[in-house]
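Overview (structure and organization)
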Amino acid sequence: MSTWLITGCSTGLGRALAEAVIGAGHNAVVTARDAAKVADLTEAAPQRVLAAALDVTDPAQVTSAVRRADERFGGVDVLVNNAGYGYRAAVEEGDDAEVRQLFETHFFGTVAMIKAALPGMRARRSGAIVNISSIGATVHPVGSGYYAAAKAAIEGVSGALRGELAPLGISVTVVEPGAFRTDFAGRSLAQSATVIDDYAATAGQRRKENDTMHGNQAGDPAKAATAIITAVESGEPPGFLLLGPDALAIYRHVSQARAAEIAKWEQLSGGTNLD
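Residues numbered from 1 in each chain as written. Predicted model: local features only at pLDDT ≥ 70, side-chain atom pairs only at ≥ 80, totals over all residues. Heavy atoms only, no water.

Naming follows an unreviewed UniProt entry, where the protein appears as SDR family NAD(P)-dependent oxidoreductase of Mycobacterium alsense.

Below, the structure written as structure tokens:
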């Protein structure tokens, strides 16, 4: 039995993962900005499940969530940074305050949780950190540039963190899901109030009023949750995990296109040393 602390458990992948972790017999600290939205998760196993209010942009709540996990279960074995939301806008349309809040939640909130949980993991010389990213960090879809950038920032810090923590017995896994049947493209999706007509055929097609994805995603959140548990509990958790056949196909396409472009410009790229 291990103890999992999962951020953003009120809906979607976070809730599916919380249910799977509880169902597998583990201890779980299930969190949401409004703790009442996850209180029902404690009913199946009240001795193993703690519901906690957690806004990852609030330092006091971050500290409290980890402290309560330590007091109740003796520490956090697996930290899953899942809390977040989508944001759509052409780059020129993005509102500065909204973009900063997006990064506060996705990037700085993730870092805050990691820093809060790491002292205990280091002391025990064991643990796992799972940072939920998005295939958007690879494909950079128009209209989602800021969201893709926030997720890419998480991936950058995760890669360095993995190297820092591997000698200490702590794994770090970045998860890039494709499209799953959650509220991500519905209730959980924000967008800029500014609309510039010149982007109607590009970023404009991804605005909520034009997007037909919500409710039609092929991915099953319950299967994604099981896959994450399997990866964490494997002998050697991956540093990078794609979820969904769409994510696999997109990643391979982008990788092949990038390799072709590198080859095309190889001579120019390689001709920059001092003579």
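Assigned secondary structure in the protein consists of eight helices and nine strands. Expected size for 275 residues packed as a compact globule is a radius of gyration near 19 Å; at 20 Å, the protein falls within 12% of this value. Overall size of the protein, expressed as C-alpha extent along the three principal axes, is 60 × 50 × 35 Å. For the protein, the proportion of its 275 residues judged to be buried stands at 44%. In the protein, the share of contacts with a sequence separation of at least 24, taken over all contacts with a separation of at least 6, comes to 68%. (Helix = DSSP H or I, 4+ residues; strand = E, 2+ residues; numbered from the N terminus. Rg over C-alpha atoms; globule rule 2.2 N^0.38 Å. Buried < 20%, exposed > 50% of the residue type's maximum accessible area, 1.4 Å probe, protein only. Contact = heavy atoms within 4.5 Å.)

Here the focus is the nonpolar core. Residues Trp 4, Ile 6, Leu 17, Val 30, Val 80, Val 130 and Ile 228 are the most contacted members of the largest nonpolar core, which totals 31 residues. Among the secondary structure elements, those contributing two or more residues to this core are strand 1 (3-6), helix 1 (12-23), strand 2 (27-32), strand 4 (78-81), strand 6 (127-132), helix 6 (221-233) and strand 9 (240-243). Beyond its immediate chain neighbours, meaning those up to four positions away, Val 80 contacts Trp 4, Leu 5, Ile 6, Thr 7, Leu 17, Val 130 and Ile 132. Membership of the second largest hydrophobic core comes to 24 residues, among which are Val 66, Phe 73, Ala 117 and Leu 165. (Core = buried A, V, L, I, M, F, W, Y, C linked by side-chain atoms within 4.5 Å.)

The subject of this paragraph is unusual backbone geometry. If you check the backbone angles, Arg 125 has positive phi at about 55° while not being a glycine. In this fold, Arg 125 is placed in the loop between helix 3 (96-124) and strand 6. Here Arg 125 falls in the exposed class, since its relative accessible area comes to 51%. Phi is positive for His 140, close to 55°, though the residue is something other than glycine. Classification of His 140 by relative accessible area gives partly exposed; the value is 47%.

By the definition in use, this model includes one cavity of 30 Å³ or more. In this model, the largest cavity occupies a volume close to 30 Å³. Thr 7, Val 56, Asn 81, Asn 82, Ala 83, Thr 105, Gly 109, Thr 110 and Met 113 are the residues that line the largest cavity. Looking at the lining of the largest cavity, the element that brings in the most residues is helix 3, giving four residues. In terms of residue class, the lining of the largest cavity is made up of three nonpolar, six polar and no charged. (1 Å grid on protein atoms, 1.4 Å probe; cavity = no way out; pocket = protein on both sides within 12 Å on 5 of 7 lines; lining within 4 Å. Points joined across faces, edges and corners; volume = space filled by probe spheres on them. Nonpolar A, V, L, I, M, F, W, Y, C, P; charged D, E, K, R; others polar.)

The next point concerns the packing of helix 3 against helix 5 (residues 145-165). Each pair of packed helices can be summarised by the angle the axes make with each other and by the distance between the axes. For the pair helix 3 and helix 5, interaxial distance at closest approach is 8 Å and the crossing angle is 20°. As the angle between them shows, helix 3 and helix 5 are arranged roughly parallel. Viewed along their axes, helix 3 and helix 5 form a crossing whose handedness is right-handed. Contacts from Val 99, Leu 102, Phe 103, His 106, Phe 107, Thr 110, Ile 114 and Leu 118 of helix 3 reach helix 5 at Tyr 146, Tyr 147, Ala 149, Ala 150, Lys 151, Ala 153, Ile 154, Val 157, Leu 161 and Leu 165. Of the residues that constitute the contact of helix 3 with helix 5, the class distribution is 15 nonpolar, two polar and one charged. (Axes fitted to C-alpha atoms, helices over the stretch in contact; angles between N-to-C directions. Parallel < 35°, antiparallel > 145°, perpendicular 65-115°, else oblique. Left-handed = near helix turned anticlockwise from the far one by under 90°.)

Now for helix 1. The terminal C-alpha atoms of helix 1 lie 17 Å apart, and with 12 residues this matches the ideal 16 Å at 1.5 Å per residue to within 8%. Within helix 1, the full set of buried residues consists of Leu 13, Gly 14, Arg 15, Ala 16, Leu 17, Ala 18, Val 21 and Ile 22. Where helix 1 ends, the next residue or the one after it, Gly 25, has phi of about 95°, a positive value. (Expected span 1.5 Å × (residues − 1).)

This part takes up the pattern of salt bridges. For the structure on display, the rule yields three salt bridges. Glu 71 is the salt-bridge partner of Arg 67, the closest N and O atoms lying 3.8 Å from each other. Taken as a pair, Arg 67 and Glu 71 lie in helix 2 (residues 59-73) at a separation of four residues, close to a single helical turn. According to the relative accessible area criterion, Arg 67 is partly exposed, its value standing at 41%. (Salt bridge = Lys/Arg side-chain N within 4 Å of Asp/Glu carboxyl O.)

A few words now on the side chain of Asn 81. Its location among the elements puts Asn 81 in strand 4. Looking at Asn 81, the relative accessible area reads 4%, which means it is buried. Once residues lying within four places of it in the same chain are set aside, the contact partners of Asn 81 are Thr 7, Thr 110, Met 113, Ile 114, Ile 129, Val 130, Asn 131 and Ile 132.

Here we come to the packing of aromatic side chains. The full count for this structure, using the stated rule, is three aromatic pairs. Both rings, one in Phe 240 and one in Tyr 251, keep their centres 5.3 Å apart while their planes meet at 45°; by these two values the pair is tilted. Of this pair, Phe 240 sits in strand 9 while Tyr 251 sits in helix 7 (residues 245-264), and the two are 11 residues apart along the sequence. Residue Phe 240 is classed as partly exposed on the basis of its relative accessible area, which comes to 32%. (Phe/Tyr/Trp six-rings, centres within 6.5 Å; stacked < 30°, edge-to-face > 60°.)

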